[in-house]
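Descriptive analysis of the structure
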Number of protein chains: 2
Amino acid sequence: MSSLSQHKEVLRVPEPTLRRLPWYLSNVKLLKQKGERYVSSTQISKEINIDASQIAKDLSYVNITGRTRVGYEIDTLIAVLEDFLGFTNLHKAFLFGVGSLGGALLGDSGLKHFGLEIVAAFDVKPELVGTTLNGIPIFHSDEFEAKMRDYRVNIGVLTVPIEIAQQITDYMVAGGIRAVWNFTPFRIRVPEDIVVQNTSLYAHLAVMFNRLNFNEIK
Amino acid sequence: MSSLSQHKEVLRVPEPTLRRLPWYLSNVKLLKQKGERYVSSTQISKEINIDASQIAKDLSYVNITGRTRVGYEIDTLIAVLEDFLGFTNLHKAFLFGVGSLGGALLGDSGLKHFGLEIVAAFDVKPELVGTTLNGIPIFHSDEFEAKMRDYRVNIGVLTVPIEIAQQITDYMVAGGIRAVWNFTPFRIRVPEDIVVQNTSLYAHLAVMFNRLNFNEIK
């Protein structure tokens, strides 16, 4: 990796850009399957209905340059985007709370293709502790600190009941977790240098239901 | 339900508000568990670190009024919020694509508590068609239109490979689906009156990885 791309990687990329880049990636992957070798931002723009200038601006964060008239080489663009988005590096994670959603996430092997490998899970239920799910071991929550020494993990996936969401977050952070992927509908608080990514399926449902009602009644 | 609350429900509530309301709901549920009977926006504000004026503004979309000094009655606030967010009505949905993530969502019974009931799934894989997962029947995709007549469904959950994301979306919409919950990293296109809710776990991962790298290197 060149020093330039290393420099690029530490940029704090705007969240809207980071959310759009995977769209370009999936679109370009599709073009590759269709046998295309080059793509321009104008072409992507037509496919996904986002301004070409916005696409060019978003791609300017990524270490790739297109060629006049032909555009970006598709193979390179895919490789560079996947690397930039962190999908090529496996980031190890622990999951806390093997309930319905937690169990579902353990079963989703697809996360691995996007750079996340859940290497172990924690719970307190006697019927779960000591078992595995989709090959992933489930330990008692008390074993977390010991397991932090065994695995190289800095991401914690939070799928516990809301009553203990803050307490488990504090426990994770005290044990050395640097980023919390929060699936609970609870707003957790963390020290400033800890990353929180909120993915509340329930909040998304609320937005969808409201838009649906609005469309049906208007 | 009063005509006033019916009127309120058709308001197109801003998305940031709809994303924050579930935070207030989970926080207030916790206070109820602790034995509290009343809560003020100032109290919620302290707990979750959002401006009290913002909370009061968000709650103004909901059909509830607090009392001076004592604030909102907790039981009422919970009931009104759950109703407003659509969590008390079961919205029936079909799921398309029983892969790793689709299977995981079928296994997540928690969605039901937030108003979404996946009543059937569709796929083309012979080993899946005719089976059930977590009690949910899996039909061949060709049976979708027939099943639309059997069930009262207007939401489609999209968990297919990106190669067919647009095609299956078009198929759903032609069959009468009014809202698509899109879990693929593909930007689907729909007619103006169809709701799309994008929940790309992969885009969220990209944001988390970037923030994590940024924090570690700065």
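These numbers come from a predicted model, not from an experiment.

When chain B is fitted onto chain A, the two copies agree to an RMSD of 0.0 Å after a turn of 180° and an axial shift of 0.0 Å. Between the two chains, the operation in question is that of a two-fold axis. Taking C-alpha positions as the reference, the residue of chain B nearest the rotation axis is Ala104 of chain B, at 2.2 Å. Interface overlap between copies is the fraction of interface residues in one copy that are interface residues in the other; for chain B against chain A it reaches 100%, indicating a shared surface.

To continue, consider the packing of aromatic side chains. Applying the stated criterion across every chain, the model contains 22 aromatic pairs over all chains. Aromatic side chains Phe94 of chain A and Phe122 of chain A sit 5.0 Å apart centroid to centroid with 80° between the ring planes, which places their arrangement in the edge-to-face category. One end of the pair, Phe94 of chain A, is in strand E3 (residues 91-96); the other, Phe122 of chain A, is in strand E4 (residues 116-123), with 28 residues separating them in the sequence. Each of the two residues, Phe94 of chain A as well as Phe122 of chain A, counts as buried. Ring geometry for Trp181 of chain B and Phe183 of chain B: centres 4.7 Å apart, planes at 50°, overall tilted. We note that Trp181 of chain B, like Phe183 of chain B, is buried. An aromatic cluster is defined as three or more aromatic residues linked by ring pairs; in this entry it consists of Phe94, Phe96, Phe122, Phe139, Phe144, Tyr151 and Tyr171 of chain A. Against the face of Phe139 of chain A rests Lys147 of chain A, its NZ or CZ located 4.1 Å from the ring centre.

On to unusual backbone geometry, then. Of note, the phi angle at Asn134 of chain A is positive, near 55°, even though the residue is not glycine. Tracing the chain through its elements places Asn134 of chain A in the loop between strand E5 (132-133) and strand E6 (136-140).

The subject of this paragraph is the environment of Gln167 of chain A. For Gln167 of chain A, the location among the structural elements is in helix H8 (residues 165-175). Along the sequence, Gln167 of chain A and Ile188 of chain A sit 21 residues apart, while their C-alpha atoms lie 9.2 Å from each other.

Attention now goes to the packing of helix H2 (residues 15-33) of chain A against helix H3 (residues 41-48) of chain A. Residue and element names in this part refer to chain A. With their axes 11 Å apart at the nearest point, H2 and H3 run at an angle of 100° to one another. Our classification of the angle between H2 and H3 gives roughly perpendicular. The residues of H3 that touch H2, namely those facing Trp23, Tyr24, Asn27, Val28 and Leu31, are Ile44, Glu47 and Ile48.

Taken in spatial order, the 7 strands make up an open sheet running E5-E6-E4-E3-E7-E8-E9 (chain A), and their pairing is mixed. If you trace the sheet from one side to the other, it starts and ends with E5 and strand E9 (195-198) of chain A, each paired once.

Attention shifts here to the pattern of salt bridges. Two side chains of opposite charge can pair, provided their charged atoms sit close to one another. Inspection of the entire model under this criterion finds 14 salt bridges over all chains. Lys125 of chain A is paired through a salt bridge with Asp123 of chain A; the nearest N and O atoms lie 3.0 Å apart. A relative accessible area of 32% means that Lys125 of chain A is categorised as partly exposed. For Asp58 of chain B, the salt bridge identified is with Arg20 of chain B, shortest N-O distance 2.7 Å. One end of the pair, Asp58 of chain B, is in helix H4 (residues 52-59); the other, Arg20 of chain B, is in helix H2 (residues 15-33), with 38 residues separating them in the sequence. A single burial state applies to Asp58 of chain B and to Arg20 of chain B, both of which are buried.

What follows is about the confidence of the model for chain A. All names here are of chain A. The predicted model of chain A averages 91 in pLDDT, with 94% of residues at 70 or higher. Counting contacts from residues 1-9, a segment whose pLDDT is below 50, to residues more than four positions away or on other chains yields 14 contacts. Here the predicted complex scores 0.88 on pTM and 0.89 on ipTM.

With that settled, consider the side chain of Thr184 of chain B. All names here are of chain B. Along the chain, Thr184 falls in the loop between strand E8 (179-182) and strand E9 (195-198). Of the residues examined, Thr184 reaches a relative accessible area of 4% and is grouped as buried. Engagement of the side chain of Thr184 in a polar contact is seen with the side chain of Asn182, the distance being 2.8 Å. A distance of 3.0 Å separates the side chain of Thr184 from the backbone nitrogen of Phe186, its partner in a polar contact. Apart from residues lying up to four places away in sequence, Thr184 is in contact with Leu158, Thr159, Val160, Ala165 and Ser200.

Opposite the 73 residues of chain B that make contact, chain A presents 73 residues. Around 7000 Å² of area is buried between chain B and chain A when both sides are counted, 65% of it from carbon and sulfur atoms. Area buried by chain B at its contact with chain A is led by Arg187, His204 and Arg211 of chain B, which between them contribute 10% of it. Connecting chain B to chain A are 0 salt bridges. Between the two partners, chain B and chain A, sit 24 residue pairs in polar contact (both at pLDDT 80 or more). Only H2, helix H3 (41-48), helix H6 (100-107), E8, E9 and helix H9 (201-217) of chain B provide two or more residues apiece to the side of chain B that touches chain A.

Let us now look at the pairing of E6 of chain A. Residue and element names in this part refer to chain A. The pairing of E4 with E6 spans 3 bridges and is parallel. Bridging from a neighbouring strand, Asp123 pairs with His140 of E6. As judged from the 2 bridges shared by E5 and E6, these two strands associate in the antiparallel manner. Looking across to E6, one finds that Leu133 is bridged to Ile136. The loop that links E5 with its antiparallel partner E6 comprises 2 residues; one of these, Asn134, has a positive phi angle of about 55°.

Cut-offs applied
Residues numbered from 1 in each chain as written. Chains lettered and ligands numbered in written order. Predicted model: local features only at pLDDT ≥ 70, side-chain atom pairs only at ≥ 80, totals over all residues. Heavy atoms only, no water. Least-squares fit on C-alpha atoms with pLDDT ≥ 70 in both. Contact = heavy atoms within 4.5 Å. Phe/Tyr/Trp six-rings, centres within 6.5 Å; stacked < 30°, edge-to-face > 60°. Helix = DSSP H or I, 4+ residues; strand = E, 2+ residues; numbered from the N terminus. Buried < 20%, exposed > 50% of the residue type's maximum accessible area, 1.4 Å probe, protein only. Lys NZ or Arg CZ within 6 Å of the ring centre and 35° of its normal. Axes fitted to C-alpha atoms, helices over the stretch in contact; angles between N-to-C directions. Parallel < 35°, antiparallel > 145°, perpendicular 65-115°, else oblique. Pairing = 2+ DSSP bridges. Salt bridge = Lys/Arg side-chain N within 4 Å of Asp/Glu carboxyl O. pLDDT = per-residue confidence, 0-100. Polar contact = N/O pair within 3.5 Å; in protein donor to acceptor, adjacent residues only side chain to side chain. Buried area = accessible area lost by both parts, 1.4 Å probe.

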